[in-house]
Amino acid sequence: VNSVDKEKYLGDLISQDGKLDSNIEARVGKLIGVSALILNNLNELSLGSFYFQIALSLRKAIFLPVMLLNAETWVNVTQKNLDDLEMMDKNLLRSFLDAPSKTPIPALYLELGCIPIKYLIIYKRLMYLHHILNLEENRLVQQVFSAQVTNPSKGDWCLQVKEDLKEIGLDYLTFEDIKLLKKYKMRKIIKEACSNTAFTYLIQKKGSKMENLKYTKIQTKDYLLSEKLSIMVKKTLFKLRTRMAPVSANFGDKEKECPECFISPDNQQHLIDCVVIKCVNKSVLCNQASTQYQDIFSENLSRMKEAAKIYNSALKTRKAILS
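Residues numbered from 1 in each chain as written. Predicted model: local features only at pLDDT ≥ 70, side-chain atom pairs only at ≥ 80, totals over all residues. Heavy atoms only, no water.

**Student:** I would appreciate a short explanation of the packing of helix H1 (residues 21–44) against helix H3 (residues 79–97) in the present structure.
**Tutor:** Pairs of packed helices are described in terms of their axes, by the angle between the two and the distance that separates them. Where H1 meets H3, the closest approach of the two axes is 10 Å, and the angle between their N-to-C directions is 5 degrees. Comparing their axes, H3 and H1 come out roughly parallel. Of the residues in H3, those touching H1 at Asp 21, Ile 24, Arg 27, Val 28, Leu 31, Ile 32, Ser 35, Ile 38, Leu 39 and Leu 42 are Asn 81, Asp 84, Leu 85, Met 88, Leu 92, Ser 95 and Phe 96. (Axes fitted to C-alpha atoms, helices over the stretch in contact; angles between N-to-C directions. Helix = DSSP H or I, 4+ residues; strand = E, 2+ residues; numbered from the N terminus. Parallel < 35°, antiparallel > 145°, perpendicular 65-115°, else oblique. Contact = heavy atoms within 4.5 Å.)

**Student:** Help me out: how do you make sense of helix H9 (residues 183–204) in this one?
**Tutor:** Two residues of an α-helix separated by three or four positions point the same way, owing to the 3.6 residues in each turn. For H9, which comprises 22 residues, the first-to-last C-alpha distance of 32 Å matches the rise-based estimate of 32 Å (1.5 Å per residue) to within 8%. Within the span of H9, buried status applies to Met 186, Ile 190, Ala 193, Cys 194, Ser 195, Thr 197, Ala 198, Phe 199 and Leu 202. (Expected span 1.5 Å × (residues − 1). Buried < 20%, exposed > 50% of the residue type's maximum accessible area, 1.4 Å probe, protein only.)

**Student:** Would you take a moment to explain the environment of Leu 173 for this structure?
**Tutor:** In this fold, Leu 173 is placed in the loop between helix H7 (157–167) and helix H8 (175–180). Separated by 11 residues in the primary sequence, Leu 173 and Lys 162 place their C-alpha atoms 9.6 Å from one another. Apart from the residues lying within four places of it in its own chain, the contact partners of Leu 173 are Leu 165 and Ile 178.

**Student:** Explain the environment of Arg 94 to me, please; I cannot follow it from the model alone.
**Tutor:** Structurally, the position occupied by Arg 94 is in helix H3. A relative accessible area of 12% means that Arg 94 is categorised as buried. Taking C-alpha positions, Arg 94 is 9.1 Å from Ile 105, a pair spaced 11 residues apart along the chain. Non-local contacts of Arg 94, meaning those with residues more than four positions away in its chain, are made with Met 87, Ala 99, Pro 100, Ser 101, Ile 105 and Leu 108.

**Student:** Just checking my understanding: could you explain the pattern of salt bridges for this structure?
**Tutor:** Should the charged atoms of two oppositely charged side chains come close, the side chains can pair. In this structure the tally under the stated criterion is 12 salt bridges. Across the pair Glu 111 and Arg 241 runs a salt bridge, and its minimum N-O distance is 2.9 Å. Here Glu 111 is found in helix H4 (residues 105–112), whereas its partner Arg 241 is found in helix H11 (residues 231–241), with 130 residues between them in sequence. A relative accessible area of 1% means that Arg 241 is categorised as buried. A salt bridge links Arg 303 to Asp 295; the shortest N-O distance between them is 3.0 Å. (Salt bridge = Lys/Arg side-chain N within 4 Å of Asp/Glu carboxyl O.)

**Student:** Explain a nonpolar patch on the surface here, please?
**Tutor:** On the surface, a cluster of nonpolar side chains totalling about 260 Å² of accessible area is made up of Val 280, Ile 321 and Leu 322. Take Leu 322: it is sitting in helix H14 (residues 301–322). By relative accessible area, which is 48% here, Leu 322 ends up partly exposed. (Patch = residues over 30% accessible without salt bridge, like charges linked within 9 Å, V, L, I, M, F, W, Y side chains within 5 Å. Areas by Shrake-Rupley, 256 points an atom, 1.4 Å probe, with all protein chains shown as cover.)

**Student:** Got a minute to help me understand the packing of aromatic side chains in this structure?
**Tutor:** When we look at a pair of aromatic rings, we describe it by the centre distance and by the angle of the planes. Going through the model one piece at a time under the given rule, you end up with seven aromatic pairs. On the basis of an interplanar angle of 55 degrees and a centroid distance of 5.4 Å, the ring pair of Phe 145 and Phe 175 is categorised as tilted. On the criterion of sequence distance, the pair formed by Phe 145 in helix H6 (residues 140–150) and Phe 175 in helix H8 is long-range, its members being 30 residues apart. The two residues Phe 145 and Phe 175 agree in class, both being buried. Between Tyr 293 and Phe 297, the aromatic rings sit 5.4 Å apart at their centres with planes inclined by 85 degrees, giving edge-to-face as the arrangement. Classification of Tyr 293 by relative accessible area gives buried; the value is 13%. The class for Phe 297 is buried, based on a relative accessible area of 9%. (Phe/Tyr/Trp six-rings, centres within 6.5 Å; stacked < 30°, edge-to-face > 60°.)

**Student:** Explanation requested: the environment of Ile 178 in the structure shown.
**Tutor:** Among the structural elements, Ile 178 can be located in helix H8. Judged by relative accessible area, Ile 178 falls into the buried class, the value being 0%. Other than its neighbours up to four places away in sequence, Ile 178 contacts Leu 129, His 130, Leu 133, Leu 165, Leu 173 and Met 186.

**Student:** When you look at the state of the cysteines in this model, what are you seeing that I'm missing?
**Tutor:** Throughout this description, disulfide means a covalent bond between two cysteine sulfur atoms. Taken as a whole and assessed by the stated rule, the structure comprises zero disulfides. Summary of cysteine pairing: Cys 258 is not part of a disulfide, and the nearest cysteine sulfur, belonging to Cys 261, is at 3.7 Å. Cys 279 carries a free sulfur, and the closest cysteine sulfur to it, the one in Cys 274, is 9.8 Å from it. (Disulfide = S-S within 2.5 Å.)

Structure representation (structure tokens):
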């Protein structure tokens, strides 16, 4: 019998040392191909105002199943393993929005209404716990789990699910409580707890670039789903809302003057006030009075649309002047 360091089993690479590194590396390789397929389809199809609905549906239907295959059974998941998977998800979300690499990570999830991978894995793991607890006692997986509960050791799966319950605020539930819950009830409780915990985590990580943005829960923002806004307007709004428009103040140099007029600081708000841009682009001059900078952070789609159009026009003019 040949001795091997790792073997593929039911879609996972099982390593002799018990680590997940090889399995995650292989999974990332698959995800690169899946991401390319999704983005290629989005670029080839004429989706109009439904671009983001379709993009998020493809993430859910194609990308996540490949990423999270058997994730509920994984043990010894390191922070690096999680980081590698989450990086693939972040890259996909950035591609949906044509967002720069420095875009605040919480903005990707909060604007698109997506839950980070870590909490999706917790959800799958706790649903699998419910499944195991309701198996017949003579089933092997039930016997292994019972042995872990009786005599736990570091790295055991039973300890991981206890940590999961604690992290999402459900550590008051015992294994017996979970066993008695109906599957639909368990799904609802876990889904809500994971969503709430993820929301709290993302809000805590917001940072200064998102100080003008308000959220109450993880939900796709209306402007990204609106049939009244073009894809270009939606992507422009996202960059403006997250302060990622190509001006110096957005990238650390708040003292630098506007390269067109050399009068005011080079920030987003100044774009439609710049005398040079207004002189070159009469539409900016005409529409400036009816547009407020705060409109891009509002929930009023009409005002957001007008603000996005004038700021996009100003950015194009600025690019032409500088080139």
